[in-house]
Amino acid sequence: GETGLTGNTGATGNTGATGAIGAQGATGNTGPTGSTGNTGSTGNTGATGNTGLTGATGNTGTTGNTGQTGATGNPGNTGATGNTGATGNTGATGAIGETGLTGNTGATGNTGATGNTGPAGAVGNTGATGNTGNTGSTGNTGATGNTGLTGATGNTGTTGNTGQTGATGNTGATGNTGATGNPGPTGNVGLTGNAGPTGNTGPTGPAGTILGVLTFTADDIFQTCDRGVFGYPIYTTSGVTGAAVPVSSLYTSTDTNLNACNLGFEVPLDFDPTVTLQVDLYFIVPNQGGSGTNIDIQLNASFIPSGSSFINTTGYQQTLSTGDIAITEPAANNLYTQKVTFCLTNTVGHPIAAGDYALLTFIRITPTTDEYNMTIGLASVNVSYGITTASLSC
């Protein structure tokens, strides 16, 4: 570790009586003494490392700086020097007088600057060793050296007797469930059990309606003023194909001829009077530069039994209308198609029976607002009815 500070110099005892001076040996040449330099300050104590296993002794730490030198006491008076005789044999040493009390040490003057070290003179005889001064305080401990290598492990001692089993600790928390393993192979299918008894038959559901359909084209529809059937041309991207959709004209409600489209047929012999009669009408609109937006189509229906007169005084048995229908003209060389539906009921005052002659008349009436001012074409009429058991008269 670093060298501790030098202790204070003990007090100088009184000078004893001077003994007889022996013959003086030859004095060596004394070299010039250099000035003593200032003593450096003591270094700080290094941090103590953790104590490792004791191994080989580590390297010795660096020596700390030397503490300041204590003040030098004033020198005692020097006795008179005897004449130097010829050097003879060394006389016997006189008896040592008692050591006088040590005087107080005088204050040390400031240390002068250290001069250049002169050449070393010849070493003179070693003087008597002075009394040992008080031990200075212990310097700060140097940093612990590096831990030496661990010594070889000694032989393992004999195993001692097993101690008593300690009390069982608390059960730890259950760990997370591990991932599910792959399914095992499917086992063999067991034998089929005996069939259970048949359950009771549930109630019979309502009978469904079987429908019949009558389809009529423009050729089956005649006009009151017999203006005839014509066709709307069918175009493709390469021009006219020569094909056309046959239609009967449905003129505006303001047409002076009041030209109606009429359809007559026999009510089928398997007609079910408990089912509503449904009439679907398909009309077609070409691109013809018309104005206005709405039409309203009216259906007048009569069902006349064989051997009866046409009802022409009180009007038709049933009159229905579509209400306002918005018309959309298609792009040039194209046709727009739309379907409307009428439902004819078989109630008291409006009888419909199998074998009756049915007369259906379609006209356009004035809509609520903004009537479309061009003719439209009636292309086909479908009549759907419920079927029941029928018998022929033949």
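Residues numbered from 1 in each chain as written. Predicted model: local features only at pLDDT ≥ 70, side-chain atom pairs only at ≥ 80, totals over all residues. Heavy atoms only, no water.

1. A closer look at the overall build of the chain
Then, in step 1: A count of helical and extended segments in the chain gives zero helices and 14 strands.
Then, in step 2: For the chain, the α and β elements follow one another from N to C terminus as β-β-β-β-β-β-β-β-β-β-β-β-β-β.
Then, in step 3: Residue burial in the chain is summarised as follows: out of 394 residues, 22% are buried.
Then, in step 4: If you take every contact in the chain between residues at least 6 apart in sequence, the share linking residues at least 24 apart comes to 86%.
Then, in step 5: With an accessible surface of roughly 28100 Å², the chain has 50% of that area assigned to carbon and sulfur atoms. (Helix = DSSP H or I, 4+ residues; strand = E, 2+ residues; numbered from the N terminus. Buried < 20%, exposed > 50% of the residue type's maximum accessible area, 1.4 Å probe, protein only. Contact = heavy atoms within 4.5 Å. Areas by Shrake-Rupley, 256 points an atom, 1.4 Å probe, with all protein chains shown as cover.)

2. Some remarks on the pattern of salt bridges
Then, in step 1: Counted under the stated rule, the structure contains one salt bridge.
Then, in step 2: Between Arg364 and Glu371 there is a salt bridge whose closest N-O contact spans 3.5 Å. The pair Arg364 / Glu371 is uniform in exposure class, with both members buried. (Salt bridge = Lys/Arg side-chain N within 4 Å of Asp/Glu carboxyl O.)

3. Points about the nonpolar core
Then, in step 1: Phe283, Leu344, Leu360 and Phe362 are the most contacted members of the largest nonpolar core, which has 33 residues in total.
Then, in step 2: Residue assignment for this core shows that the elements contributing at least two residues are β7 (261-266), β8 (277-286), β9 (294-304), β12 (335-344), β13 (357-365) and β14 (376-386).
Then, in step 3: Those residues in contact with Phe283 that sit more than four places away from it in its chain are Ile295, Ile297, Ile325, Ile327, Tyr336, Thr337, Gln338, Val340, Ile376, Gly377, Leu378 and Ala379. (Core = buried A, V, L, I, M, F, W, Y, C linked by side-chain atoms within 4.5 Å.)

4. Thoughts on unusual backbone geometry
What is expected of a backbone is that most residues other than glycine have negative phi and most peptide bonds are trans.
Then, in step 1: Positive phi, normally seen in glycine, also occurs at Asn333, with a value near 60 degrees.
Then, in step 2: Mapped onto the fold, Asn333 is located in the loop between β11 (325-326) and β12.
Then, in step 3: The phi dihedral of Asp370 falls on the positive side, at around 55 degrees, and the residue is not glycine.
Then, in step 4: Structurally, the position occupied by Asp370 is in the loop between β13 and β14.
Then, in step 5: Note on Asp370: relative accessible area 47%, which makes it partly exposed.

5. Description of the side chain of Ser384
Then, in step 1: Position of Ser384 among the secondary structure elements: in strand β14.
Then, in step 2: Among all residues touching Ser384, those that are not within four sequence positions of it are Gly212, Val213, Thr276, Leu277 and Gln278.

6. Here's the deal with the packing of aromatic side chains
Then, in step 1: Enumeration over the complete set of coordinates arrives at three aromatic pairs.
Then, in step 2: Relative to Phe362, the ring of Phe342 has its centre 6.4 Å away and its plane inclined at 45 degrees; by these criteria the two rings are tilted. Of this pair, Phe342 sits in strand β12 while Phe362 sits in strand β13, and the two are 20 residues apart along the sequence.
Then, in step 3: You can call Phe342 buried: its relative accessible area is 3%. (Phe/Tyr/Trp six-rings, centres within 6.5 Å; stacked < 30°, edge-to-face > 60°.)

7. Section: the confidence of the model for the chain
Then, in step 1: The pLDDT averaged across the chain works out to 75; a share of 56% of its residues lies at or above 70.
Then, in step 2: The element-level mean pLDDT for the chain is lowest in strand β2 (residues 102-103), coming to 52, with β11 highest at 95. (pLDDT = per-residue confidence, 0-100.)

8. Re the pairing of β13
Then, in step 1: Relative to β13, β7 is paired through six bridges, and the arrangement is antiparallel. Counterpart to Phe265 in the pairing with β13 is Ala358.
Then, in step 2: Where β9 lies against β13, nine bridges are found, and the strand directions are antiparallel. When the sheet's bridge partners are listed, Ile304 is paired in β13 with Tyr357. (Pairing = 2+ DSSP bridges.)

9. Section: the side chain of Asn294
Then, in step 1: Along the chain, Asn294 falls in strand β9.
Then, in step 2: Since its relative accessible area comes to 11%, Asn294 is described here as buried.
Then, in step 3: Polar side-chain contacts of Asn294 include one of 3.0 Å to the backbone oxygen of Thr369.
Then, in step 4: Residues within four places of Asn294 in sequence aside, it is in contact with Asp324, Ile325, Ala326, Pro367, Thr369, Asp370, Glu371 and Tyr372. (Polar contact = N/O pair within 3.5 Å; in protein donor to acceptor, adjacent residues only side chain to side chain.)

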